[in-house]
Amino acid sequence: MKKLVAVYVIIMTCGFAEEYTQADRIFDMQKMAQAMQDIQSGFFYNNLDIVKAGAKDLKETVVKIGPIKKETENKDVYERWMTNNTAMTKRIQRKIAQNTDDIVARFSAGDATQALQFYSKISSECMKCHVRLRKW
Ligand code: HEC
């Protein structure tokens, strides 16, 4: 796993600065998965700072995700429509950002139950894209 991450970092530092590549996206996805784990650890250890740090990472990263060049330039109209579903992506990004704020607000107020509900809402937003867009 560590090796894999190192490879992505090397790929990213060797150019492709402007274009959002598949390596960038995989890296961002892994960052979001880590952020979700951090938020969950914060819940279990009852540590607001860890929750906040995970929330910050998640919000900063979710805005970056989107289709890569190969997808925006796909000649197949249907496939292009599927993978560039920017309306859906924007909606999911908005919801994830909103739910992340809700987690911090609820957990700060000592309401772990509600915070956890917003957490699972985020998980289902992640999976919505994976299932609908990626057919995973
Ligand atoms: C807008 C669509 C979309 C959303 C929303 C989304 N993902 Fe993904 N995710 C993808 C795509 C596309 C890939 C495949 C990346 C690739 O190989 O190009 C992926 C791959 C992944 C991977 C595998 C990365 C790897 O190492 O191969 C993880 C982990 C992941 N996503 C986590 C998340 C988490 C956590 C969330 C929510 C916080 C999330 N994703 C939300 C589209 C999305």
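Scroll up to find the structure.
Quantities reported herein were computed from a predicted structural model and do not represent experimental measurements.

Conventions and cut-offs
Residues numbered from 1 in each chain as written. Predicted model: local features only at pLDDT ≥ 70, side-chain atom pairs only at ≥ 80, totals over all residues. Heavy atoms only, no water. Donors = N, O, S within 2.8 Å, 3.2 Å for Na, K, Ca; no water. Tetrahedral: all angles 85-135°; square planar, octahedral: opposite > 155°, others 65-115°. Helix = DSSP H or I, 4+ residues; strand = E, 2+ residues; numbered from the N terminus. Near = heavy atom within 4 Å. Polar contact = N/O pair within 3.5 Å; in protein donor to acceptor, adjacent residues only side chain to side chain. Nonpolar A, V, L, I, M, F, W, Y, C, P; charged D, E, K, R; others polar. Expected span 1.5 Å × (residues − 1). Buried < 20%, exposed > 50% of the residue type's maximum accessible area, 1.4 Å probe, protein only. Arc of directions from axis to C-beta. Contact = heavy atoms within 4.5 Å.

Colleague: Could you clarify how one ought to interpret the coordination of the iron atom of the ligand in this entry?
Modeller: Octahedral metal centres with six donors ideally show angles of 90 or 180 degrees, and tetrahedral centres with four donors ideally show 109.5 degrees. The protein atoms that coordinate the iron atom of the ligand are Met29 (SD) and His130 (NE2), at distances spanning 2.0 to 2.2 Å. With 6 donor atoms in place around the iron atom of the ligand and angles of 87 to 180° between them, the coordination shape is octahedral. Note that Met29 is positioned in helix α2 (residues 22-44) and His130 in helix α7 (residues 112-132), a separation of 101 residues in sequence.

Colleague: What should I look at first to understand the site of the ligand in this one?
Modeller: With respect to spatial proximity, 16 residues lie near the ligand, and among them Met29, Gln30, Cys126, Cys129 and His130 are the closest. Arg25 has a polar side-chain atom sitting 3.0 Å from an oxygen atom of the ligand. Interatomic distance of 2.5 Å between a side-chain N/O atom of Gln30 and an oxygen atom of the ligand. Of all the elements in the fold, those that place two or more residues in the shell around the ligand are α2, α6 (86-108) and α7. Take the shell around the ligand: its biggest share by element is 7 residues, from α2. Tallied by class, the residues present in the shell around the ligand amount to 10 nonpolar, 4 polar and 2 charged.

Colleague: Quick question: what am I supposed to make of helix α3 (residues 48-62) here?
Modeller: Since the α-helix turns once every 3.6 residues, residues separated by three or four places project in the same direction. If you check α3, its first and last C-alpha atoms are 21 Å apart, about what 15 residues at 1.5 Å a residue would give, namely 21 Å. Residues of α3 that are buried include every one of Val51, Gly54, Ala55, Leu58, Thr61 and Val62, and no others. Seen from one end, α3 has its buried residues packed into an arc of 140°, which puts them on one side. Along α3, exposed side chains directed more than 90 degrees from the buried face belong to Asp49 and Lys56. N-cap assignment for α3: the residue whose side-chain oxygen lies 3.0 Å from the backbone N of Asp49 is Asn47.

Colleague: How do you make sense of the side chain of Glu125 when you look at a structure like this?
Modeller: Mapped onto the fold, Glu125 is located in helix α7. Polar side-chain contacts of Glu125 include one of 3.1 Å to the side chain of Lys128. Contacts of Glu125, omitting those with residues within four sequence positions, involve Ile92, Lys95 and Ile96.

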